[in-house]
Amino acid sequence: MGTSIFTPGAEVVTARGRGAVVDVRATHSGKFVFGVEDADGEVTYFTEKALRLAEG
């Protein structure tokens, strides 16, 4: 995973809103995807490029 700052528990912002990283998985191509749980409890997976750390 290298030096990713998106570890479980990190608060992030996605195109769908704010959430918390709850899962990190490797794909078959060797990239990582991050499971983000939103306020409704739905988990959606994103690549690192689709995430930003939440401020405050």
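Going by the structure above, here's the rest.
Described in the following lines is the structure provided in the data block. (Residues numbered from 1 in each chain as written. Predicted model: local features only at pLDDT ≥ 70, side-chain atom pairs only at ≥ 80, totals over all residues. Heavy atoms only, no water.)

**Thoughts on the pairing of strand β3 (residues 32-37)**
The sheet contact formed by strand β2 (residues 17-26) and β3 spans six bridges and is antiparallel. Bridging from a neighbouring strand, D23 pairs with G35 of β3. In this structure, the hairpin formed by β2 and β3 is closed by a connection of five residues, where G30 is found at a positive phi of approximately 95°. As defined by bridge partners, β3 adjoins strand β4 (residues 43-47) across five bridges and the pair is classed as antiparallel. (Pairing = 2+ DSSP bridges. Helix = DSSP H or I, 4+ residues; strand = E, 2+ residues; numbered from the N terminus.)

**Remarks on the side chain of D23**
Inspection of the secondary structure assignment puts D23 in strand β2. Among the polar contacts listed, one links the side chain of D23 to the side chain of R25, at a separation of 2.6 Å. Of the polar contacts made by the side chain of D23, one reaches the side chain of Y45; its length is 2.6 Å. Apart from residues lying up to four places away in sequence, D23 is in contact with V33, F34, G35 and Y45. (Polar contact = N/O pair within 3.5 Å; in protein donor to acceptor, adjacent residues only side chain to side chain. Contact = heavy atoms within 4.5 Å.)

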